[in-house]
Amino acid sequence: MAKKVERARVKDMMDLESVHMTYLADSLHMQPVARIIQSILQCALDFRSCLIGSTWEAGPEEGGLFSKFARINRPQVITIRETFDKSLKDLHSCYLKTPRHGEFGLSPFWDFLNFNEYYSQE
């Protein structure tokens, strides 16, 4: 079951400044995480490029589904998968190193990504 992340309660400008400073401090530590997430998203784009173009534009007269799958560049897909797996492991490693408190940062973000607790079973 996913955890609910509560929003900060801001009563005055001092609370707002405190919440904002916490967010800024967390965001500085999130730069390596941002690079990892960018790598994961690039993997999605690279994988998509394996599935579009001449591989899927061929009509039904040019072969069936098996023929289309045969034209996929499998070594490229394997490389993309390896990069994706490494990036996900790096992200999980960053999560394990971050504090488990606070409203911002990687911990609440990871809780959203790990909604089915797949990575909690280690």
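Calculation notes
Residues numbered from 1 in each chain as written. Predicted model: local features only at pLDDT ≥ 70, side-chain atom pairs only at ≥ 80, totals over all residues. Heavy atoms only, no water. Salt bridge = Lys/Arg side-chain N within 4 Å of Asp/Glu carboxyl O. Helix = DSSP H or I, 4+ residues; strand = E, 2+ residues; numbered from the N terminus. Buried < 20%, exposed > 50% of the residue type's maximum accessible area, 1.4 Å probe, protein only. pLDDT = per-residue confidence, 0-100. Contact = heavy atoms within 4.5 Å.

This model, assessed by the stated rule, comprises two salt bridges. Of the charged contacts in the structure, one is a salt bridge between Arg 81 and Asp 85, with a shortest N-O distance of 3.1 Å. One end of the pair, Arg 81, and the other, Asp 85, are both in helix 5 (residues 74-97), four residues apart, so they sit about a helical turn from each other. The partner of Lys 86 in a salt bridge is Asp 90, with the nearest N and O atoms 2.7 Å apart. Of this pair, Lys 86 and Asp 90 both sit in helix 5, four residues apart, roughly one helical turn. Taking relative accessible area as the criterion, Asp 90 reaches 29% and is therefore assigned partly exposed.

Moving on: the confidence of the model for the protein. Scored by pLDDT, the protein comes out at a mean of 76, with 75% of its residues at no less than 70. Helix 5 holds the highest mean pLDDT among the elements of the protein, 91, whereas helix 3 (residues 54-57) holds the lowest, 56. In this model residues 1-5 is a low-confidence stretch, pLDDT under 50, and it forms five contacts with partners more than four residues away in sequence or in other chains.

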